[in-house]
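# Secondary and tertiary structure notes
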Amino acid sequence: MQPLKIYNTLSREKELFTPIHENHVGLYVCGPTVYNYVHLGNLRTFTSFDILNRYLLHIGYKVRYVRNITDVGHLVGDGDEGEDKIGKMAKLEKLEPMEIVHRFTQDFHQVLEKFNVLPPSIEPTATGHIVEQIETTKSLIEKGLAYESNGSVYFDIETYNKNGGNYGHLSGRVIEDLLTETRDLDGVGEKRNPLDFALWKKAAPEHIMRWPSPWGEGFPGWHLECTCMSHKYLGDTFDIHGGGMDLKFPHHECEIAQAKAAYDRAPVRYWMHTNMLTVNGQKMSKSLGNSFLPSELFAGSHALLEQAYSPMTVRFFMLQSQYRSTLDFSNDALKAAQKGYKKIANGLRIIKKLVYPTDIIANPDAAQEKEISDAIQGCYDGMNDDLNTAVAIAHLFTLLKKINSLYTGGLAFESISAETFSNLQRSYTSILEDVLGIKEEVPAEMNGLTDELLQLYKGFKESRQYDKVDEIRGAFKSAGLLIKDMKNAIDWGYEE
Ligand code: AMP
Ligand code: ZN
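Residues numbered from 1 in each chain as written. Chains lettered and ligands numbered in written order. Predicted model: local features only at pLDDT ≥ 70, side-chain atom pairs only at ≥ 80, totals over all residues. Heavy atoms only, no water.

- By the naming in an unreviewed UniProt entry, the protein chain goes by Cysteine--tRNA ligase and is assigned to Aquirufa antheringensis.
- What UniProt records for the protein chain under Sequence similarities (unreviewed entry) is the sentence "Belongs to the class-I aminoacyl-tRNA synthetase family."
- The UniProt entry for the protein chain carries the following comment under Catalytic activity (unreviewed entry): "tRNA(Cys) + L-cysteine + ATP = L-cysteinyl-tRNA(Cys) + AMP + diphosphate". (UniProt positions renumbered as here; feature names shortened; annotations may be inferred.)

This is the structure in structure tokens:
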């Protein structure tokens, strides 16, 4: 097993990762609120945790990956105030809230599939766990850590802290500061303390998504679903909990408080937070109106987009920075990523086809062999250093150079052993495909046709039918592919 270090928001340090149960990892990631299309910012977070999941699997762990779907119509404001996002959309579209939820859950799945994000092991929904949320709320009331007020139930932060809770620890917030910052708009006169948060909210007459409870008709508070679902599927304490940085407070802080109060122990060993995708330095978000939808990227149909970008280009763009740094969207950066991706994908095509010749006598060059093994180790060192995909990619480019040299003859196969060649082949392919989730994107119109067309091309060349040769060359070009006429072979590749 590789010695993986991950940055733990709780300790604010990179820590060696050791799972609770040998060889097994319990991972929970906060999923989307399905009231609208996912945007590129959401995608960054889900891609980052896809890399974590993929890497853990790659180095030999069995992962139980739970990522929820938030389908209860929670309120817009963090302070339990505002409108219910799903209910608002349902009214706007004149649809049942569950139609909204279904539509956007499907969209979410389709988008993730396009970006080659692996599905989680369990994808529980908040509406499917109302019973668990009511039970947890009841037990918190019994323990004296929550109280009912006018049909709603609130978590009692003061009592929790008096009992040794440490509300604010994860996000580094200080209770006194929070108190001065908080405008207690909702729950005025209901909460004992303005910082108390809702476990259960009484439904106003116009609120559509509602369930019966011991406190009347209502709906659960936003933070409770993650506590109940992670506990149900991963146990009292599990290994890793993730989400975007914007969820640290109040969402994850409240999750910790609820779980500690309900199950008497800290729920999570490692808290991981991804940094934001920004546009001109500002967080990409639906409410700020600076978000692009994946469909707009593929079509290039947004005012801020100078051209269309493919899913793998976008994925590659995201992986070129480590998940804890901000990533700023720009056309220049995406165009550069497109070039880089095409280069890397050409390497993938080539290395899969290359075969170490059986009729040569190897005379390995120690320096060449070392460069290859150092670069492979560099990929793993990068990934082990808090999933630094940027470092791993830099080393993949070193491997790519070797692959290209073997392909063009600049580096003789004799200079490396058969074992080094197979290491190069296995590592380049598995790090790219299994760990980084990067795959070849053969344009749909050429899928399955490239080899046949290339045969025709060769035939036309031999019979000197140059108009036909040009025609086939043109067909490849319009699909973003290039025919390469080399000394001893004819091949095709992605136009870089
Ligand atoms: P939401 O549906 O708003 O709850 O967001 C789903 C996930 O996407 C959460 O983990 C958010 O932290 C994350 N997220 C939202 N906006 C961005 C962004 N601009 N960059 C990265 N992650 C984001
Ligand atoms: Zn959550």
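Having seen the model, we can carry on.
### Considerations on the domain arrangement of the protein chain
- By the assigned domains, the protein chain splits into domain 1 (5-274), domain 2 (279-435) and domain 3 (450-494).
- For domain 1 versus domain 2, the distance between C-alpha centres works out to 34 Å.
- The partner domain 2 presents 34 residues to the 31 residues of domain 1 that form the contact.
- With both sides pooled, the region where domain 1 packs onto domain 2 buries about 3000 Å², and carbon together with sulfur makes up 64% of that total.
- Applying the counting criterion to the domain 1 and domain 2 interface returns three salt bridges.
- We note a salt bridge from Asp385 to Lys14, for which the minimum N-O separation is 2.8 Å. (Domains from an automatic or database assignment. Contact = heavy atoms within 4.5 Å. Buried area = accessible area lost by both parts, 1.4 Å probe. Salt bridge = Lys/Arg side-chain N within 4 Å of Asp/Glu carboxyl O.)

### Notes on the sheet that holds strand E11 (residues 277-279)
- One open sheet holds the three strands; their spatial order is E12-E11-E13, and the pairing between them is mixed. A single partner strand is all that each edge strand has here, and the edge strands are strand E12 (282-283) and strand E13 (327-329).
- As paired elements, E11 and E13 share three bridges and run parallel to each other. Looking at the pairing, Val279 lines up with Phe329 of E13. (Pairing = 2+ DSSP bridges. Helix = DSSP H or I, 4+ residues; strand = E, 2+ residues; numbered from the N terminus.)

### Quick look at the sheet that holds strand E6 (residues 152-155)
- Pairing within the open sheet is antiparallel, and its four strands lie in the order E5-E6-E7-E8. Two strands close off the open sheet at either side, each with one partner strand: strand E5 (146-149) and strand E8 (218-220). The average angle at which neighbouring strand axes cross in this sheet is 20°, direction not considered.
- Pairing analysis gives three bridges linking strand E7 (residues 198-202) to E8, with the strands arranged antiparallel. Of the residues in E8, the one forming a bridge with Trp200 is Pro220. (Axes fitted to C-alpha atoms, helices over the stretch in contact; angles between N-to-C directions.)

### Things to note about the nonpolar core
- By size, the foremost hydrophobic cluster in this structure holds 146 residues, and its most contacted members are Tyr167, Ile240, Tyr428 and Leu436.
- Filtering out sequence-adjacent residues up to four positions away, Tyr167 remains in contact with Ile157, Tyr160, Asn161, Arg173, Ile175, Leu178, Phe197, Phe249, Pro250, Glu253, Cys254 and Ala257. (Core = buried A, V, L, I, M, F, W, Y, C linked by side-chain atoms within 4.5 Å. Buried < 20%, exposed > 50% of the residue type's maximum accessible area, 1.4 Å probe, protein only.)

### Notes on the site of ligand 1
- Surrounding ligand 1, one finds 15 residues, the nearest of these being Gly41, Thr45, Asp246, Leu277 and Met284.
- Between ligand 1 and Gly41, the relevant distance is 3.0 Å, taken from a nitrogen atom to a main-chain nitrogen or oxygen of the residue.
- Contact distances for ligand 1 include 2.8 Å between a nitrogen atom and a backbone N or O atom of Met284.
- Taken by itself ligand 1 offers 490 Å² of open surface, and the protein chains cover 91% of this.
- Per element, the largest residue contribution to the shell around ligand 1 is four residues, and it comes from helix H1 (residues 40-58).
- Residue composition of the shell around ligand 1, grouped by class: six nonpolar, seven polar and two charged. (Near = heavy atom within 4 Å. Polar contact = N/O pair within 3.5 Å; in protein donor to acceptor, adjacent residues only side chain to side chain. Areas by Shrake-Rupley, 256 points an atom, 1.4 Å probe, with all protein chains shown as cover. Nonpolar A, V, L, I, M, F, W, Y, C, P; charged D, E, K, R; others polar.)

### Notes on the coordination of the zinc ion (ligand 2)
- Looking at the metal site, the zinc ion (ligand 2) is ligated by Cys30 (SG), Cys226 (SG) and His251 (NE2), spaced 2.0 to 2.2 Å from it.
- Classification of Cys226 by relative accessible area gives buried; the value is 1%.
- The class for His251 is buried, based on a relative accessible area of 1%. (Donors = N, O, S within 2.8 Å, 3.2 Å for Na, K, Ca; no water.)

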